[in-house]
Amino acid sequence: MTRAEPRRPLYFAWAALMSLLALTIFGGYLKLGGANLFISVAIATAKAAIIIAIFMKPARELRLGWVFSLGGIFFLLIMLGLTGADYLTRAQDLVP
Amino acid sequence: MTERHIVEKELAEPYADLRHQKQTANLGVWAFLSTEVLFFSGLLTAYSVYRFLYPQGFAEAGRHTEVLLGSINTGVLLTSSLFMALAVHAIRSGARRLMMLFLLITALLGLAFLGIKILEYYKEIGEGLLPGVFFTYAGPYAHTVEIFFFIYFMATGIHALHLSIGIGALFFLIWRTRCGSFTAEYHAGVEGVGLYWHFVDAVWVFIYPLIYLLGRNT
């Protein structure tokens, strides 16, 4: 069962992650107002996607594993979405 | 080692074969990580709500975080994930000694991360930013800054706890390998710890910009 898989994708993934880190630091100092948050979260999502796609690849054989992991993210979005739907619509009343 | 030997050594009840056992272990880690997403999501939600309610105070607080140390630590953690992936790669082709070396480097990078984190905490506590009786920060946004640093210490502290558990798991894997466990044919334990390690890294990937890059654009 010995197989010689290339190691190169792992090094490329690391280089991409470090480049994205440099990019997010640079982006953090640009004066873009509200867009900074959007950019930094987008870059973080890209980094997480690289980690899942390449570093976690050997442990992603099962399709049910996808259901489990996406389930966690689904409920995270429900929590953020419903909490946001409340606070974002009545915050003006809370803050003088 | 023949296949029969590996089965005799590794197969536990109630599994019919090693493939079944490995897939169950893998799925167990994914289920655990799914609950971990929800565990961290409470903090993320609290952060989002307070950042939305008090944008100026949060921006001011964010400028008091140690951006250089935080950025170095992000690099350290991303590199540790590379070595964790290399360790799994090594055992898949049966290179047990190489895997132990990579696991050790991963653990040492984890310890370096914790060391830098402690240095950061030391500086912040010295500046009076630890919420509670030691909080001495003054200014128009002092209360909001305190809320931010409460979330900061909670989020990074819980993350550091996760990383400490991961480092312990890495040394456990090294010890188990020395005892003769893990082969190219069966190494579910290494893959499971690898998944956990990458997850803890991915959590930091989101914590980093939300904490350290906050308020740098003004």
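Residues numbered from 1 in each chain as written. Chains lettered and ligands numbered in written order. Predicted model: local features only at pLDDT ≥ 70, side-chain atom pairs only at ≥ 80, totals over all residues.

## Details of the overall build of chain A
Inference 1: Looking only at helices and strands, chain A has three helices and zero strands in total.
Inference 2: Secondary structure of chain A in N-to-C order comes out as α-α-α.
Inference 3: Across the 96 residues that make up chain A, the buried fraction comes to 22%. (Helix = DSSP H or I, 4+ residues; strand = E, 2+ residues; numbered from the N terminus. Buried ≥ 20, exposed ≤ 12 C-beta atoms within 10 Å, placed from the backbone.)

## Regarding the overall build of chain B
Inference 1: Per the secondary structure count, chain B includes seven helices and zero strands.
Inference 2: Referenced to the eigenvectors of the C-alpha coordinate spread, the extents of chain B come out at roughly 70 × 30 × 30 Å.
Inference 3: Split into buried and exposed, the 218 residues of chain B put 40% on the buried side.
Inference 4: Considering only contacts in chain B between residues 6 or more positions apart, those separated by 24 or more positions represent 75%. (Contact = placed C-beta atoms within 7 Å.)

## Here we look at the packing of helix α6 (residues 142-178) of chain B against helix α7 (residues 188-212) of chain B
All names here are of chain B.
Inference 1: The contact between α6 and α7 brings their axes to 10 Å, and the two run at 160°. Here α6 is positioned roughly antiparallel relative to α7, judged by the angle of their axes. Pair α6 / α7 crosses with left-handed handedness. Facing α6, whose interface residues are Y152, A155, T156, H159, H162, L163, G166, A169, L170, L173 and R176, α7 presents G189, V190, V193, Y196, W197, V200, V203, W204, I207 and I211.
Inference 2: Considered class by class, the residues forming the contact of α6 with α7 number 15 nonpolar, five polar and one charged. (Axes fitted to C-alpha atoms, helices over the stretch in contact; angles between N-to-C directions. Parallel < 35°, antiparallel > 145°, perpendicular 65-115°, else oblique. Left-handed = near helix turned anticlockwise from the far one by under 90°. Nonpolar A, V, L, I, M, F, W, Y, C, P; charged D, E, K, R; others polar.)

## Topic: helix α5 (residues 96-126) of chain B
Residues and elements named next belong to chain B.
Inference 1: In this model, α5 (31 residues) spans 45 Å end to end at C-alpha, consistent with the 45 Å of a helix rising 1.5 Å per residue.
Inference 2: Residues of α5 that are buried: M99, F102, L103, T106, A107, L109, G110 and F113.
Inference 3: The inward-facing, buried residues of α5 abut α4 (67-92), α6 and α7. (Expected span 1.5 Å × (residues − 1).)

## Concerning the interface of chain A and chain B
Inference 1: Counting residues at the interface gives 47 residues for chain A, matched by 43 residues for chain B.
Inference 2: Every element with two or more residues in the side of chain A that touches chain B is listed here: α1 (8-29), α2 (35-55) and α3 (63-94) of chain A.
Inference 3: In terms of residue count, α3 of chain A provides more of the side of chain A that touches chain B than any other element does, 17 residues in total.
Inference 4: A per-class count over the side of chain A that touches chain B returns 31 nonpolar, eleven polar and five charged.

## Examining the environment of E124 of chain B
All names here are of chain B.
Inference 1: Along the polypeptide, E124 turns up in helix α5.
Inference 2: You can call E124 partly exposed: it has 18 C-beta atoms within 10 Å.
Inference 3: Between the C-alpha atoms of E124 and E66, which are 58 residues apart in sequence, the distance is 8.4 Å.
Inference 4: If we skip the residues at most four places from it in the chain, E124 touches L129 and L130.

## A word on helix α2 (residues 18-53) of chain B
All names here are of chain B.
Inference 1: With 36 residues, α2 should reach 52 Å at 1.5 Å per residue; the first-to-last C-alpha distance of 53 Å fits that figure.
Inference 2: Residue S41 marks the point of greatest curvature in α2, where the axis turns by about 30°.
Inference 3: Where α2 is concerned, the buried positions are K22, N26, V29, W30, L33, S34, V37, Y47 and R51. (Bend = angle between axes of the 7 residues up to and from the residue.)

## Brief notes about the confidence of the model for chain A
Inference 1: When pLDDT is averaged along chain A, the result is 88; 90% of the residues meet or exceed 70.
Inference 2: The element-level mean pLDDT for chain A is lowest in α3 of chain A, coming to 86, with α1 of chain A highest at 97. (pLDDT = per-residue confidence, 0-100.)

## So, the environment of R60 of chain A
Residue and element names in this part refer to chain A.
Inference 1: Here R60 lies in the loop between α2 and α3.
Inference 2: A count of 15 C-beta atoms within 10 Å places R60 in the partly exposed class.
Inference 3: In this structure the C-alpha to C-alpha distance between R60 and T45, which are 15 residues apart in sequence, comes to 18 Å.

## Concerning unusual backbone geometry
Inference 1: Here E13 of chain B and P14 of chain B are connected by a cis peptide whose omega angle stands at 0°.
Inference 2: As for its placement among the helices and strands, P14 of chain B is situated in the loop between α1 (3-10) and α2.

## Description of the packing of α5 of chain B against α6 of chain B
Residues and elements named next belong to chain B.
Inference 1: Here α5 crosses α6 at 155°, and the two axes come no closer than 9 Å. Accordingly, the angle class assigned to the pair α5 and α6 is roughly antiparallel. Along this stretch, α5 crosses α6, giving a crossing that reads as left-handed. Of the residues in α6, those touching α5 at R96, M99, M100, L103, L104, T106, A107, G110, L111, F113, L114 and K117 are T156, A160, L163, S164, G166, I167, L170, F171, L173, I174 and T177.
Inference 2: The class makeup of the residues in the contact of α5 with α6 is 15 nonpolar, six polar and two charged.

## Quick look at the environment of R178 of chain B
Residue and element names in this part refer to chain B.
Inference 1: Along the chain, R178 turns up in helix α6.
Inference 2: Take R178: there are 10 C-beta atoms within 10 Å of it, and that puts it in the exposed class.
Inference 3: Between the C-alpha atom of R178 and that of A59, which follows or precedes it by 119 residues, the distance is 50 Å.

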